[in-house]
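The primary structure of each chain is shown beneath.
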Amino acid sequence: MVTSTFKTTKSEEIFAAAQKLMPGGVSSPVRAFKSVGGQPIVFDRVEGAYAWDVDGNRYIDYVGTWGPAICGHAHPEVIKAICEAAQKGTSFGAPCALENVLAEMVIAAVPSIEMVRFVNSGTEACMSVLRLMRAFTGRDKIIKFEGCYHGHADMFLVKAGSGVATLGLPDSPGVPKNTTTNTLTAPFNNLEAVKALFAENPGEIAGVILEPVVGNAGFIPPDGGFLAGLRELTRDNGALLVFDEVMTGFRIAYGGAQEKFGITPDLTTLGKIIGGGLPVGAYGGRRDIMEMVAPAGPMYQAGTLSGNPLAMTAGIKTLELLHQPGTYEALDRITKRLADGMLQIAQETGHAACGGQISGMFGFFFAAGPVHNYEDAKLADLTKFSRFHRGMLEHGIYLAPSQFEAGFTSLAHTDADIDHTLAAAREVMSHLS
Ligand SMILES: *Cc1c(COP(=O)(O)O)cnc(C)c1O
């Protein structure tokens with residue numbers, strides 16, 4: 001924990017070159033550290049709970065490639081399975097028995113899913129599920145929540161949280177106005193607002209889509225009764241309820257937030273963890289709805305690399321590891337130590353802070369709180385977070401480079417890692433103005 005040895009020369013060189021080659025120097029915006037300032041760190045390799053950068057610094061990683069690394073990075077069993085599968089080819093473009101295996105696992109785990117379609121990203125899953133909501137109901141309008149992110153499809157780029165929020169783009173240029181006129185928004189945890197939207201648009205709303213636990217506006221859990229209220233409202237209005245569990249699926253619990261909170265939506269999107277670190281997404285739900293999807297039904301959706309054997313293999317192995325007894329208890333225990341510890345240190349060092357965790361997902365705001373929605377989250381002290389983020393980085397702790405992102409732990413994080421992280425947090429917060 002000697003900050004004077006912290007050198008990032010090579011990261012700086014590589015990122016400078018990258019900026020001439022790729023917009024903003026990255027393949028995905030949040031990675032550029034725009035919202036915390038300073039240079040992004042260029043990774044060289046990852047293993048277990050750790051990431052090493054190109055300058056040789058080691059970090060305890062709480063991003064976990066934004067969620068998929070729940071078993072720890074480069075888990076030896078996952079890597080071995082991928083290598084073996086690769087010997088048989090990387091993509092078939094034809095049916096593959098591994099798709100059945102992962103489909104059976106997903107269907108057994110996630111209460112709402114009776115049938116599933118694999119795609120290549122969470123974005124693809126969400127844009128497909130939107131088409132399906134509309135195809136099944138014959139209605140065009142949908143309700144989403146402020147600060148919730150459902151990938152970067154046009155129709156969802158309205159009040160879309162993290163990546164969009166931290167770039168200061170209220171909506172994105174290039175999204176035609178008439179593409180988003182059917183996207184209605186409400187504040188998270190506000191049932192009355194949803195009720196009002198249904199009343200103002202009778203018979204026109206195809207469904208409601210949400211992150212059941214928000215992770216893309218920082219970590220915001222649902223208030224008691226919110227999910228149940230949405231279930232009732234959608235049912236009463238002949239609309240579908242869709243949980244976007246791209247982040248929370250297999251993270252909040254093996255069966256996702258829907259298992260944790262006991263609320264079963266009509267449709268669910270998945271991604272991140274079910275690909276075990278390779279590109280995957282999925283959407284699934286009630287059989288009568290899923291049978292609308294081509295070629296069983298008329299709703300078109302396809303993918304050249306969808307269901308490819310490498311991604312299926314990484315997903316299967318990851319879910320096998322997660323399905324062992326005690327995994328979610330272990331994640332919950334370690335993450336609670338981290339989240340509680342951070343709040344206690346903030347209090348002891350005189351910083352207003354709030355946050356929490358569920359299983360291996362956590363959040364921390366420099367705000368008095370409580371945070372029930374995106375408006376509340378925006379009251380957080382972003383300048384303070386930027387300085388905190390940089391300080392933690394210099395102490396070998398890699399946190400998500402935005403106040404509006406949830407954090408993730410893995411089965412590879414040890415008590416010693418948490419001790420080390422909390423010691424760093426105490427050091428950084430003691431000197432934080
Ligand atoms: C990450 C995420 C997505 C988008 O998934 P990609 O694989 O990045 O396209 C969609 N919804 C939620 C809730 C996410 O966290």
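Chemist: Would you mind showing me how to read unusual backbone geometry here?
Modeler: Backbone geometry follows two general trends: most residues other than glycine have a negative phi, and most peptide bonds adopt the trans configuration. Between Ala294 and the following residue, Pro295, the backbone shows a cis peptide bond with an omega angle of 5°. Here Pro295 shows up in the loop between α10 (287–290) and α11 (309–323). Cis peptide bonds are those with omega within 30 degrees of zero, and the linkage from Gly369 to Pro370 qualifies with -5°. Inspection of the secondary structure puts Pro370 in the loop between β12 (361–365) and α13 (374–377). In the Ramachandran plot, Asn189 falls in the positive-phi region, its phi being about 65° despite a non-glycine side chain. Asn189 sits in the buried class, given a relative accessible area of 14%.

Chemist: Help me out: how do you make sense of the site of the ligand in this one?
Modeler: Around the ligand, the surrounding shell consists of Ser121, Gly122, Thr123, Tyr149, His150, Gly151, Glu211, Asn216, Asp244, Val246, Met247 and Lys272. Take Gly122: an N or O atom from its main chain is 2.8 Å from an oxygen atom of the ligand. At a separation of 3.1 Å, an oxygen atom of the ligand approaches a polar side-chain atom of Asn216. Here the ligand, which alone exposes 380 Å², has 83% of that area covered by the protein. A class-by-class count of the residues in the shell around the ligand yields 3 nonpolar, 6 polar and 3 charged.

Chemist: Teacher, can you tell me more about the nonpolar core here?
Modeler: Core analysis: the biggest nonpolar cluster contains 34 residues, and Tyr62, Phe388, Met392 and Met429 have the highest contact counts within it. Elements supplying a minimum of two residues to this core: β2 (50–53), β3 (58–61), α12 (327–348), β12, α14 (382–394), β13 (397–398) and α15 (415–430). Broken down by element, this core gets its largest block of residues, 6 residues, from α15.

Chemist: So what exactly am I meant to see when it comes to the packing of α14 against α15 here?
Modeler: Packed helices, taken two at a time, are described by their axes: the angle between them and the distance between them. It is the contact of α14 with α15, at a shortest axis distance of 9 Å, that shows an interaxial angle of 130°. Taken together, the axes of α14 and α15 are oblique relative to one another. Of the two elements, α14 crosses α15, and the hand of that crossing is right-handed. Here α14 contributes Phe388, Gly391 and Met392 to the contact with α15, which in turn contributes Thr421, Ala424, Ala425, Val428 and Met429. A class-by-class count of the residues in the contact of α14 with α15 yields 6 nonpolar, 2 polar and no charged.

Chemist: What is the right way to look at the packing of helix α7 (residues 191–200) against helix α8 (residues 226–236) in this model?
Modeler: Look at α7 against α8: their axes get within 10 Å of each other, and the N-to-C directions meet at 10°. The angle between α7 and α8 places the two elements in the roughly parallel class. Between α7 and α8, the contacting residues are Leu191, Val194, Lys195 and Phe198 on the first element and Phe226, Gly229, Leu230, Leu233 and Thr234 on the second. When grouped by side-chain class, the residues that make up the contact of α7 with α8 number 6 nonpolar, 2 polar and 1 charged.

Chemist: Whenever I open this one, the pairing of strand β8 (residues 240–244) confuses me. Can you help?
Modeler: Both faces of the sheet carry side chains from a regular strand, because those side chains alternate between them. Of all 5 residues that make up β8, 5 are buried, and the element is covered over most of its length. Judged by which residues are buried, β8 turns out to be covered on both faces: Leu240, Val242 and Asp244 on one side and Leu241 and Phe243 on the other are all buried. Two elements, strand β7 (residues 205–210) and β8, share 4 bridges in a ladder whose sense is parallel. The residue of β8 that forms the bridge with Leu210 is Phe243. Strand direction decides the pairing type here: β8 and strand β9 (residues 267–270), joined by 3 bridges, are parallel. In the strand pairing of β9, Asp244 is matched with Thr269. For the handedness criterion, the β-α-β arrangement of β8, helix α9 (residues 256–261) and β9 is classed as right-handed.

Conventions and cut-offs
- Residues numbered from 1 in each chain as written.
- Predicted model: local features only at pLDDT ≥ 70, side-chain atom pairs only at ≥ 80, totals over all residues.
- Heavy atoms only, no water.
- Helix = DSSP H or I, 4+ residues; strand = E, 2+ residues; numbered from the N terminus.
- Buried < 20%, exposed > 50% of the residue type's maximum accessible area, 1.4 Å probe, protein only.
- Near = heavy atom within 4 Å.
- Polar contact = N/O pair within 3.5 Å; in protein donor to acceptor, adjacent residues only side chain to side chain.
- Areas by Shrake-Rupley, 256 points an atom, 1.4 Å probe, with all protein chains shown as cover.
- Nonpolar A, V, L, I, M, F, W, Y, C, P; charged D, E, K, R; others polar.
- Core = buried A, V, L, I, M, F, W, Y, C linked by side-chain atoms within 4.5 Å.
- Axes fitted to C-alpha atoms, helices over the stretch in contact; angles between N-to-C directions.
- Parallel < 35°, antiparallel > 145°, perpendicular 65-115°, else oblique.
- Left-handed = near helix turned anticlockwise from the far one by under 90°.
- Contact = heavy atoms within 4.5 Å.
- Pairing = 2+ DSSP bridges.
- Right-handed = clockwise from strand over helix to strand, strands pointing away.

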